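# Structural features, examined
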There are 2 protein chains.
Amino acid sequence: MTSKQEFIEKLRNSSLRPTKQRINICEVLFNRDKTFHFTINDLFNLIKDKTGEKVSLATVYNTVHAFHKKGYLKEIPINSNQTYFDTNVTDHHHFFDVKEERLIDLKNEDVGPIEIQKSIPGKKIKSVEVLVKLED
Amino acid sequence: MTSKQEFIEKLRNSSLRPTKQRINICEVLFNRDKTFHFTINDLFNLIKDKTGEKVSLATVYNTVHAFHKKGYLKEIPINSNQTYFDTNVTDHHHFFDVKEERLIDLKNEDVGPIEIQKSIPGKKIKSVEVLVKLED
DNA sequence: AATCTTCTTTAGAATAATTATAAACAACGA
DNA sequence: TCGTTGTTTATAATTATTCTAAAGAAGATT
């Protein structure tokens, strides 16, 4: 069980005041055992379901973006009509089941080290992400 | 110089009749030496510039999607407000310069083989794509 | 606790990419 | 040439996301 204090700390670190709405968002995002892949819309609906309270869509967007900026959420590079996020912010990769529109974590050791043998002058590598698309 | 016959063949293979508009689209897409990374909007504007003729946005969308479905174009998985496509449909990866919103090809040998050590029952791997984000 | 300032929430409007529609038009085969 | 079927186009519809501005809540200061 993740404590409310941790949520407040995450919010403060993200320069956000701990409000009732934001705590509810944290409850859905971070009070879990497993990693959580979601779209804003998934999250929006889950908040109502899990906490019984409605939070406006704008607040969900704002809070998710602040957490992403701070590094508490990771954006997953997929071409989908919606943007996917992940509560697992460690260095890892993904399966994407195209048919079911489902994301599955790939541990780093499931993929092995990736060595990029090319460099662009004046630029440095920010991230390396592998997306493995699955079909039936 | 790529011939008009090749364009017509590509169109027919994609179950599209060779119309003036579609030939113009092919001209911009396939009459090039280097690989071409683009968004629909890039393409839409280039058609006007290069051929002097305007093609409606809907036709650009339809044609690009048909080529993509047939495998003459590849969709590049990036989270951007617009969808990116690539005329290089061989197995390869990308740099993405986040600041300049620019894509750069990575040859397969620049990345090395990627071995996926995990499998999902009933699913097979359709593609493995690496996206390397660059920062200053 | 009262007050003041600053930040937050919210509904709804605005924006922007993409998809759908349906009428005018063009390709193709007979 | 004619008839069928596919295509183009402008425009409307849809959808994810961002913006706005007014009402409300948090935090600091007394």
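Residues numbered from 1 in each chain as written. Chains lettered and ligands numbered in written order. Predicted model: local features only at pLDDT ≥ 70, side-chain atom pairs only at ≥ 80, totals over all residues. Heavy atoms only, no water.

### Quick look at the domain arrangement of chain A
All names here are of chain A. Split by domain assignment, chain A resolves into domain 1 (4–76) and domain 2 (90–134). A separation of 24 Å is found between the C-alpha centroids of domain 1 and domain 2. Each partner contributes to the interface: domain 1 provides five residues, whereas domain 2 provides eight residues. Each partner contributes to the roughly 520 Å² buried at the junction of domain 1 and domain 2, and carbon and sulfur atoms together form 55% of this total. (Domains from an automatic or database assignment. Contact = heavy atoms within 4.5 Å. Buried area = accessible area lost by both parts, 1.4 Å probe.)

### Considerations on the sheet that holds strand β3 (residues 84–86) of chain A
Residues and elements named next belong to chain A. Read from one edge of the open sheet, three strands run β1-β3-β2, paired in antiparallel fashion. Edge positions in the open sheet fall to β1 (37–39) and β2 (74–76), since each of these has one partner strand only. Shown here is a sheet whose adjacent strand axes are inclined to one another by a mean of 40°, direction ignored. With three bridges connecting them, β2 and β3 associate as antiparallel partners. When the sheet's bridge partners are listed, K74 is paired in β3 with D86. (Pairing = 2+ DSSP bridges. Helix = DSSP H or I, 4+ residues; strand = E, 2+ residues; numbered from the N terminus. Axes fitted to C-alpha atoms, helices over the stretch in contact; angles between N-to-C directions.)

### Thoughts on the packing of aromatic side chains
The full count for this structure, using the stated rule, is ten aromatic pairs over all chains. Geometrically, the ring pair formed by A:F30 and A:F67 is edge-to-face, given 5.4 Å between the ring centres and 70° between the ring planes. Of this pair, A:F30 sits in helix α2 (residues 20–30) while A:F67 is found in helix α4 (residues 57–70), placing the two residues 37 residues apart along the sequence. Here the aromatic rings of B:F38 and B:F85 are separated by 5.8 Å at their centres, their planes lie at 25°, and the arrangement is stacked. Here B:F38, found in strand β1 (residues 37–39), pairs with B:F85, found in strand β3 (residues 84–86); they are 47 residues apart in sequence, far enough to count as distant. Like B:F38, the residue B:F85 is buried in the burial classification. A cation sits over an aromatic face here: B:K10 above B:F30, 4.7 Å from the ring centre. (Phe/Tyr/Trp six-rings, centres within 6.5 Å; stacked < 30°, edge-to-face > 60°. Buried < 20%, exposed > 50% of the residue type's maximum accessible area, 1.4 Å probe, protein only. Lys NZ or Arg CZ within 6 Å of the ring centre and 35° of its normal.)

### A short note on the environment of A:K133
The topology assignment puts A:K133 in strand β6 (residues 124–135). In this structure the C-alpha to C-alpha distance between A:K133 and A:H94, which are 39 residues apart in sequence, comes to 8.4 Å.

### Quick notes on the interface of chain B and chain A
The interface is formed by 36 residues belonging to chain B together with 36 residues belonging to chain A. The junction of chain B with chain A conceals about 3500 Å² of combined surface from both sides, 53% of it contributed by carbon and sulfur atoms. Contact with chain A buries area across many residues of chain B, yet B:N79, B:K123 and B:E135 alone supply 19% of it, more than any other trio. One can count six salt bridges joining chain B with chain A. B:D97 is the salt-bridge partner of A:K123, the closest N and O atoms lying 2.9 Å from each other. For the pair chain B and chain A, the interface holds 20 residue pairs in polar contact (both at pLDDT 80 or more). (Salt bridge = Lys/Arg side-chain N within 4 Å of Asp/Glu carboxyl O. Polar contact = N/O pair within 3.5 Å; in protein donor to acceptor, adjacent residues only side chain to side chain.)

### A few points about the protein's contact with DNA strand D
The environment of DNA strand D is made up of 20 residues, and the closest members are A:R12, A:H65, A:T83, B:T19 and B:R22. Considering the 4 Å shell around the protein, atoms of DNA strand D inside it are sugar or phosphate in 83% of instances. At a separation of 2.9 Å, a phosphate oxygen of DNA strand D approaches a polar backbone atom of B:R17. At the level of elements, α4 of chain A together with α2 (20–30) and α4 (57–70) of chain B are the ones that each hand at least two residues to the surface near DNA strand D. When residues in the surface near DNA strand D are grouped by element, the largest group, four residues, is from α4(A). (Near = heavy atom within 4 Å.)

### Focus on helix α3 (residues 40–51) of chain A
An α-helical turn contains 3.6 residues, so a residue and the one three or four places further along point in the same direction. All names here are of chain A. In this model α3 runs 16 Å from its N-terminal to its C-terminal C-alpha over twelve residues, within 8% of the 16 Å that 1.5 Å per residue would give. For α3, the full list of buried residues reads I40, L43, F44 and I47. Summarising the axial view, the buried residues of α3 lie within an arc of 105°, below the 170-degree limit, and thus occupy one face. The outward face of α3, more than 90 degrees from its buried face, is lined by the exposed residues D49 and K50. In this structure, the buried side of α3 is in contact with α2, β1, α4 and β3. Following α3 by one or two positions, G52 has its phi on the positive side, about 75°. (Expected span 1.5 Å × (residues − 1). Arc of directions from axis to C-beta.)

### Observations concerning the packing of α2(A) against α3(A)
For any two helices packed against each other, the geometry comes down to the angle between their axes and how far apart the axes lie. Residue and element names in this part refer to chain A. Interhelical geometry of α2 versus α3 gives an angle of 100° and a closest axis separation of 9 Å. The pairing of α2 with α3 is recorded here as roughly perpendicular in orientation. Every residue of α3 that contacts α2 at N24, I25, V28 and L29 is listed here: L43, L46, I47, K50 and T51. Split by residue class, the contact of α2 with α3 holds six nonpolar, two polar and one charged. (Parallel < 35°, antiparallel > 145°, perpendicular 65-115°, else oblique. Nonpolar A, V, L, I, M, F, W, Y, C, P; charged D, E, K, R; others polar.)

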